[in-house]
Every structure is written in C-alpha cells, then in structure tokens.
Amino acid sequence: MSAGNGRELRIVGFLCNWCSYGGADTAGVSRLGQPTDLRIIRLPCTGRMDPLFMFKALLSGADGVLVSGCHPRDCHYSEGNFYARRRLELAKRLLPTLGFDSGRFEYTWVSASEGKRWQQVVTAFTEQIHTLGPGPKFSH
Amino acid sequence: MKYVAELKAKIREKLPELDVVIGWKQGFDPVHASPAFMTTPEEIEQLVVNPLCVQNLATYLPGLKGKKVGIVARECDTRSIGELLQESLIEREELTVFSVKCPGAVDLVKLRQQVGDLGRVRSISFDGPRVTVETPDESSSLDLGELLPGKCRVMAYDEPVLADFRFVDPDQDTVCREEADTDLVALEQMDLDERFAYWRGHLDRCIRCYACRNVCPMCVCQDQCIADTRDPHWLSAETDVRQKWMFQLIHAMHLAGRCTECGECERACPMDIPILTIRRKLNREIHELFGYTSGMDVDAVPPLLTFQPEEKSITEREW
C-alpha cells in the first residue's frame, strides 16, 4: 500500500540497530500497516550516520531519506545520537541551498517499543515525499 | 609595502633558527606572485608583499610538521593557522608567524574581465587603492576595491588571530570589509528548481582536477582522501554530474565547522565554479546553530565534536 495512489517512490531509511530497527520490527510484529516506499539500511548507531550517506542517496536517485535512532539520552552507546543530531541538522539546513527541498530529509527518534510511533513516522514521511513528488532530475 | 624592508630584516635575523620561511616572490609573469620557500639570505631578497600575493601559505604547514617553519601571513591567513593549531595538525612551538597587514588582494578573474588577456600585461603597479595596468595598447587605472576576491568582501579582519611579529603600515587601512554576501543572497532569492539548475550547470563543468582539495589548508587526508579510494568506493570514474556534485559535497562536509573561508578552493578552480558559496553557507548555519566561527580561537572545541543533551538552537520535529 503506497501512501499516494500513484507509483511508489524510493525512500531510504537509515535505522539504528538498537532502537528504531527494533521499533520497525515491533510495528511489523504488531501488524501495523505501513507504506512500502521505504528501504531500510541498518546502522549500528545513528552516530555511524555520515551526512554524506544522505547526500549520496539523494544524488543516486532516492526521493527521500529518513534517519531514525534512539531517543536522546537513550543511546545504546550513550552519546552517538547526540553527535548525529548536530551533524544531521546541519546537513538538512544545507539542502535548500543545493536546490533540494529540506523536507526530503528527516531525522527522528523511535524506540524499540514504539511500534505505533514508527508507523506514524513512516506514514507521515512517505506522504510528505509523495507531496513533494519525485526528486530533481540530473540529466538535462 | 613600507614594512617590507623591516620584514626582510626580521626574517634574516630569525632564519638561523628556522628550517624554512614561507613567503611570496614575483612569479612567472607580472600579474602572478608565487610562494617562496626561503632558506638562504639571498632568497629573502626576493620576498615581495603586494596585492598579487594571493596564496594562503598556511596550506603548506601541515606538510612541514616536524620542521621549524616561519610563515608570512595576512590576517585572514592566520585564521587558517589558528584552525590547524586547534586540530593539532601543526605545533605552535615549531611555528614563527610573521604577520603582515594585508595590502589587499587581486582576483585575477576580475582583472581579466577588466583588461583582457593577462598574458599581454607588461606591468602592474599599486598605489594605495589605485592599480595601474600597462598593456602594449593602453594603460588602465583601476580601483583595487573592484578587483577584490569575494572572500575579502564578506569578512573583515583588523588583527591577526596569532602573531609572533607584526608588521603594519600606519598609513594603510584594512582593505577587506564586511558586506552582504551577494552570491549567497542571489542564490537564496532563487526558487528551489533554479538553485538546482544553478548547481547542476556549474558543477557539470567541474573537471575533477581536485585543485580545490589540494590547495585547501584544511584538506589534510592527502592520499587517504575518500574521493580517491576504491574501498570504500564513494566516487566512480564516470564523468556524470552526480559524481562531481558528490565530490564537492564530500569536500564541503569534511570542512563543516573547519573551513576558514580563505577562498583558496575557488581561486584555484580552473573552471571558476563558485564552490566557496557552499562552504560559506555551512559556516553561516554553524554560526547560527552553535555561535561558532572556525579558526578564531585555538582553544575552542569544534561544534561537531561536542554536543549538549538539550540543544537550544535545534528544534526537533514532532510527528
């Protein structure tokens, strides 16, 4: 089920192993319906999330990028998501200057027990990307 | 500049304690100065300081770590030195900074737009804000203010970040000034599609010569640069604009919170791509988010290497 009625778009999700990947699993086990545009890449921690992953994904044809990790103060490694928050906020703020809508990239926090919140995040972000439509084209 | 004789005398005095002193000398033609690596008193005689001395010599410092190095630096160049010291890429005790009052700088692209082919210039001379350029056909008098590189128009430095010896010309005012960042303002007035087309058009001209990276004082990975490695394979050899764009983003993101806006990347670019604009934008955002300006404080903690459990300036999205 795609959020839009038209074709599926391509969204890349970078999820931390300890919280959000578990949260996505909880959502699945609880049979909470989700749009299927998202492809998930599992990271050991959002601290592993190089902002260049996001740029690389957008330049390689992704229409949106979602990063999700443990809530601040709940990081499995204590502080990975604190560093990630600064880096990702900065990268998000650079996007409009390059001609990408900053709504194509979001970062958020979902814990392993928050299956319902995961469903909300994926549904809202997928709808947002469908509103923006396919990413800009590189060929002239 | 009036202080040049005094500067040469001081370098001559200090040279026995130093392995090399980096300055500028006349280059291969009247409009170019080139970096000078002075190890003998004769070489010190070649030293010049004028608005054609555009290179940020701090670029050479990390490669000379372990040697006793003297460097002639303008105020803005000392900001790069400050950043290198902050990152422990160079050692303060190995360094002697001969800080000179900046005589202004000439953007050769702007000079070319004014006088045409630079190969035809027979002589160029400076008298305060006036620049006199002689070609076989004509003699033109130009305003130095009109020839300044973009970086001299958006940030003014009256004093160096650090200096062992300071040389000033009492008659001379600070040339650089703090005006609106016209490139960035123009870009921000475009809509998203126009900005995308702007960068796609500019970056498509990139020839991936990596001059911007090689000249950058903060690009110190050298052979370890991820733009060159096959593992991880960040970039392929394709000539596609996406590869070029990605390369520029690698450079910009690796400079986030570190770039001292010396403008060497843009100056060295043989295709005149306005790549400094991306770095300036990142610096503006870092200043807004974390109140931080790179290179100005040797003891500061870089904003991306620290955090606050509650970030006052970051508003996270509620879903």
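To be clear, the structure that these remarks concern was listed above.
Residues numbered from 1 in each chain as written. Chains lettered and ligands numbered in written order. Predicted model: local features only at pLDDT ≥ 70, side-chain atom pairs only at ≥ 80, totals over all residues. Heavy atoms only, no water.

A.B. asks: For this particular structure, what's the right way to read the pattern of salt bridges?
C.D. replies: Residues and elements named next belong to chain B. This structure, assessed with the given rule, holds 33 salt bridges over all chains. The salt bridge partner of Arg12 is Glu45, with a shortest N-O separation of 2.7 Å. Here Glu45 lies in helix H2 (residues 41-45) and Arg12 lies in helix H1 (residues 4-14), a separation of 33 residues in the sequence. On the accessibility criterion, Arg12 (37% relative accessible area) is partly exposed. Owing to a relative accessible area of 44%, Glu45 belongs among the partly exposed residues under this scheme. (Salt bridge = Lys/Arg side-chain N within 4 Å of Asp/Glu carboxyl O. Helix = DSSP H or I, 4+ residues; strand = E, 2+ residues; numbered from the N terminus. Buried < 20%, exposed > 50% of the residue type's maximum accessible area, 1.4 Å probe, protein only.)

A.B. asks: When you look at the nonpolar core in this model, what are you seeing that I'm missing?
C.D. replies: A general trend in soluble globular proteins is that nonpolar side chains are found buried together. Among the nonpolar cores identified, the biggest contains 60 residues, and Leu52, Met54, Phe55, Leu98 and Phe100 of chain A together with Trp245 of chain B are the most heavily contacted of them. Secondary-structure elements contributing two or more residues to this core are strand E1 (11-16), helix H2 (51-59), strand E3 (64-69), helix H3 (80-98) and strand E4 (105-109) of chain A together with helix H8 (192-204), helix H10 (241-254) and helix H12 (276-290) of chain B. A per-element tally of this core places H10 of chain B first, with eight residues. Apart from the residues within four sequence positions on either side, Trp245 of chain B is in contact with Leu59, Leu98, Phe100 and Phe138 of chain A together with Phe196, Trp199, Arg200 and Leu203 of chain B. Leu57, Ala58, Val100 and Leu118 of chain B belong to the second largest nonpolar core, which has 53 residues in total. (Core = buried A, V, L, I, M, F, W, Y, C linked by side-chain atoms within 4.5 Å. Contact = heavy atoms within 4.5 Å.)

A.B. asks: When you look at the packing of aromatic side chains in this model, what are you seeing that I'm missing?
C.D. replies: Aromatic rings considered in pairs are described by the distance between their centres and by the relative angle of their planes. Counted under the stated rule, the structure contains 16 aromatic pairs over all chains. Ring geometry for Phe98 of chain B against Phe165 of chain B: centres 5.6 Å apart, planes inclined by 20°, an arrangement best described as stacked. Of this pair, Phe98 of chain B sits in strand E4 (residues 95-100) while Phe165 of chain B is found in strand E8 (residues 165-167), placing the two residues 67 residues apart along the sequence. Exposure remark for Phe98 of chain B: the relative accessible area of 0% places this residue in the buried category. Cluster of aromatic residues (ring-pair linked, three or more members): Phe100 and Phe138 of chain A together with Phe196 and Trp245 of chain B. Positioned above the aromatic ring of Trp319 of chain B, the side-chain terminus of Arg317 of chain B is 3.7 Å from the ring centre. (Phe/Tyr/Trp six-rings, centres within 6.5 Å; stacked < 30°, edge-to-face > 60°. Lys NZ or Arg CZ within 6 Å of the ring centre and 35° of its normal.)

A.B. asks: For this particular structure, what's the right way to read the interface of chain A and chain B?
C.D. replies: By a widespread convention, an interface's size corresponds to the accessible area lost as its parts come together. In this complex, chain A contributes 41 residues to the contact, which on the side of chain B involves 42 residues. Taken together, both faces of the contact between chain A and chain B bury some 4000 Å²; the carbon and sulfur share is 66%. One can count six salt bridges joining chain A with chain B. We note a salt bridge from Arg85 of chain A to Glu316 of chain B, for which the minimum N-O separation is 2.8 Å. At the boundary of chain A with chain B, the tally comes to 16 residue pairs in polar contact (both at pLDDT 80 or more). The set of elements that each furnish at least two residues to the side of chain A that touches chain B consists of H2, H3, E4 and helix H4 (115-132) of chain A. Broken down by element, the side of chain A that touches chain B gets its largest block of residues, 13 residues, from H3 of chain A. (Buried area = accessible area lost by both parts, 1.4 Å probe. Polar contact = N/O pair within 3.5 Å; in protein donor to acceptor, adjacent residues only side chain to side chain.)

A.B. asks: So what exactly am I meant to see when it comes to the state of the cysteines here?
C.D. replies: Chemically, a disulfide is nothing more than a covalent bond linking the sulfur atoms of two cysteines. Residues and elements named next belong to chain A. This model, assessed by the stated rule, comprises one disulfide over all chains. Across a sulfur-sulfur distance of 2.4 Å, Cys19 and Cys70 are joined as a disulfide pair. Taking the sign of the S-S torsion, 100° for the link of Cys19 and Cys70, the bridge is right-handed. In this pair, Cys19 sits in the loop between E1 and helix H1 (20-29) while Cys70 sits in the loop between E3 and H3, placing the two residues 51 residues apart along the sequence. The burial state of Cys19 is the same as that of Cys70; both residues are buried. (Disulfide = S-S within 2.5 Å.)

A.B. asks: Any chance you could explain the environment of Pro309 of chain B here in plain terms?
C.D. replies: Looking at where Pro309 of chain B falls in the secondary structure, it is placed in the segment after H12. Setting aside anything within four residues of it in sequence, one finds Pro309 of chain B in contact with Arg73, Phe82 and Arg85 of chain A.

A.B. asks: Would you mind showing me how to read H8 of chain B here?
C.D. replies: Count 3.6 residues to each turn of an α-helix, and residues three or four apart come out pointing the same way. An ideal rise of 1.5 Å per residue puts 18 Å on 13 residues; H8 of chain B measures up with 18 Å between its terminal C-alpha atoms. Residues of H8 of chain B that are buried: Arg195, Phe196, Trp199, Arg200, His202 and Leu203 of chain B. Tucked inside the fold, the buried residues of H8 of chain B contact H3 of chain A together with helix H7 (182-189), H10 and H12 of chain B. Sitting at the amino-terminal end of H8 of chain B is Asp191 of chain B, which places a side-chain oxygen 3.1 Å from the backbone nitrogen of Asp193 of chain B. (Expected span 1.5 Å × (residues − 1).)

A.B. asks: Where do I start with the layout of surface pockets in this structure?
C.D. replies: A probe matching the size of a water molecule, rolled over the atoms, marks out where space remains unfilled. Residues and elements named next belong to chain B. For the largest pocket, the calculated volume is near 890 Å³. What lines the largest pocket is a set of 39 residues, among which Asp107, Val109, Pro149, Glu266 and Arg267 lie closest to the centre. Among the elements of the structure, strand E2 (33-38), helix H4 (108-115), helix H6 (151-154), H7, helix H11 (264-268) and H12 are those that each provide at least two residues to the lining of the largest pocket. A per-element tally of the lining of the largest pocket places H4 first, with five residues. Here the lining of the largest pocket spans two domains, and each of domain 1 (1-179) and domain 2 (180-313) adds at least three residues to it. (1 Å grid on protein atoms, 1.4 Å probe; cavity = no way out; pocket = protein on both sides within 12 Å on 5 of 7 lines; lining within 4 Å. Points joined across faces, edges and corners; volume = space filled by probe spheres on them. Domains from an automatic or database assignment.)

A.B. asks: How should I be thinking about H4 of chain A in this particular structure?
C.D. replies: Residues and elements named next belong to chain A. In this model H4 runs 26 Å from its N-terminal to its C-terminal C-alpha over 18 residues, within 8% of the 26 Å that 1.5 Å per residue would give. Those residues of H4 lying buried are Gly115, Arg117, Trp118, Gln119, Val121, Val122, Phe125, Thr126, Gln128, Ile129 and His130. Where H4 is buried, its residues contact E1, H1, strand E2 (38-43), E3 and E4. Looking one or two residues past H4, Gly133 carries a phi angle of roughly 80°, positive in sign.

A.B. asks: Just checking my understanding: could you explain the pairing of strand E6 (residues 130-134) of chain B for this structure?
C.D. replies: In the case of a regular strand, side chains alternate between the two sheet surfaces. All names here are of chain B. Along E6, the buried face is formed by Val131 and Val133; none of Arg130, Thr132 and Glu134, which line the opposite face, is buried. Direction of pairing for strand E5 (residues 123-127) relative to E6: antiparallel, over a ladder of five bridges. Paired with Ser123 across the two strands is Glu134, which belongs to E6. Between E5 and the antiparallel strand that follows it, E6, lie two residues; Gly128 among them carries a positive phi value of about 60°. In this structure, the hairpin formed by E6 and strand E7 (residues 139-143) is closed by a connection of four residues. (Pairing = 2+ DSSP bridges.)

A.B. asks: What am I meant to see in empty space enclosed by the protein here?
C.D. replies: Residue and element names in this part refer to chain B. Going through the model one piece at a time under the given rule, you end up with four cavities of 30 Å³ or more. The calculated volume of the largest cavity comes to roughly 170 Å³. Along its surface, the largest cavity is lined by 16 residues, and Cys76, Lys151, Cys152, Tyr157 and Cys176 are the ones closest to its centre. Among the elements of the structure, helix H3 (75-86) and H6 are those that each provide at least two residues to the lining of the largest cavity. Volume-wise, the second largest cavity comes out at about 80 Å³. Among the residues forming the lining of the second largest cavity, the class breakdown is eleven nonpolar, one polar and one charged. (Nonpolar A, V, L, I, M, F, W, Y, C, P; charged D, E, K, R; others polar.)

These values are about where atoms sit, not about what they do.
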